[in-house]
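Given next are the chains, with one letter for each unit.
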Amino acid sequence: WGERPLGVVVPAAGSQAAPDELRGFLAGRVADWQLPERWAYVPEIPKTSVGKFDKKALRHAYTHNTLDVIHLPR
């Protein structure tokens, strides 16, 4: 289907984690095809009215280039 995961990260106060470090952490814990190549850092995850992650809002932000996305090679 050509879809690839996008890692969306809310860093804890005072901490930083580079996308390659995050992908290294996930390697071996998830299937290789699930490892994100694109990462975005946001102040908070948008939520729906019932408190679930608002994936539609994230997809909209991604397709309209309002997320600062970092691309890593496979």
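Keep in mind the model is a prediction, meaning the values are calculated, not measured. Every chain is numbered on its own, with residues counted from 1 as its sequence reads. Restriction of local features to residues with pLDDT of at least 70 applies here, the model being predicted, together with a cutoff of 80 or more for giving and counting side-chain atom pairs; totals for whole chains, interfaces and linings are based on all residues. Hydrogens and water are ignored here; the side-chain numbers use all heavy atoms of the structure.

K.L.:
How do you make sense of the side chain of Asp 54 when you look at a structure like this?
P.N.:
Mapped onto the secondary structure, Asp 54 falls in the loop between strand S2 (38-41) and helix H2 (55-63). Exposure categories follow from relative accessible area, calculated using a 1.4 Å probe and restricted to protein chains: below 20% of the type maximum is buried, above 50% is exposed, and the middle band is partly exposed. We count Lys and Arg on the positive side and Asp and Glu on the negative side, and we leave His and both chain ends out. By convention in these notes, a salt bridge is any Lys or Arg side-chain nitrogen within 4 Å of a carboxyl oxygen on Asp or Glu. Despite being buried, Asp 54 has no salt bridge partner; Lys 56 is the closest side chain of opposite charge, sitting 6.9 Å away. In terms of polar contacts, Asp 54 uses its side chain to reach the backbone amide nitrogen of Ala 57, at 3.1 Å. Residues contacting Asp 54, with those up to four places away along its chain left out, are Pro 46, Lys 47 and Thr 48. Here a strand is any run of E in DSSP of at least two residues, a helix any run of H or I of at least four, and the numbering for each starts at the N terminus. Distance and chemistry together define a polar contact, namely a pair of N or O atoms within 3.5 Å, with one atom able to donate a hydrogen and the other to accept it when in protein, and with adjacent residues in sequence counting only for side-chain atoms on both sides. Contact between two residues is taken to exist if any of their heavy atoms lie within 4.5 Å; hydrogens are not considered.

K.L.:
Help me out: how do you make sense of the nonpolar core in this one?
P.N.:
In this text, buried Ala, Val, Leu, Ile, Met, Phe, Trp, Tyr and Cys residues form a nonpolar core when linked through side-chain atoms within 4.5 Å. Of all hydrophobic cores here, the largest spans six residues; its members are Ala 40, Val 42, Ile 45, Ala 61, Leu 67 and Val 69. If sequence neighbours within four positions are ignored, Ala 61 has contacts with Thr 66 and Leu 67.

K.L.:
Got a minute to help me understand the pairing of S2 in this structure?
P.N.:
Consecutive side chains of a regular strand alternate in pointing toward one face of the sheet and then the other. Paired strands, as defined in this entry, are two strands with at least two bridges between them according to DSSP. Relative to S2, strand S1 (residues 6-9) is paired through four bridges, and the arrangement is parallel. Among the inter-strand pairings, Val 8 is bridged to a residue of S2, identified as Ala 40. Of the strand pairs in this sheet, S2 and strand S3 (residues 69-71) are connected by three bridges, and their pairing is antiparallel. Paired with Ala 40 across the bridge in S3 is Val 69.

K.L.:
Sorry if this is basic, but what is going on with unusual backbone geometry here?
P.N.:
Peptide bonds are, in most cases, trans, and in most cases residues other than glycine have a negative phi. For Asn 65, which is not glycine, the phi dihedral falls at a positive 55°. Tracing the chain through its elements places Asn 65 in the loop between H2 and S3. Take Asn 65: its relative accessible area is 68%, and that puts it in the exposed class.

K.L.:
Help me out: how do you make sense of the sheet that holds S2 in this one?
P.N.:
Where strands meet in a sheet, backbone hydrogen bonds hold them as pairs that are either parallel or antiparallel. Taken in spatial order, the three strands line up as S1-S2-S3 in an open sheet, and their pairing is mixed. Either end of the sheet is taken by a strand with one partner, and the two such strands are S1 and S3. Each neighbouring strand pair of the sheet contributes to a mean axis angle of 25°, computed without reference to strand direction. Between the N-to-C directions of two axes lies an angle of 0 to 180 degrees, each axis being a line fitted to C-alpha atoms and, for a helix, fitted only over the stretch in contact. Sitting on the sheet, helix H1 (residues 19-26) touches S1, S2 and S3, and the angle it makes with S2 is about 115°.

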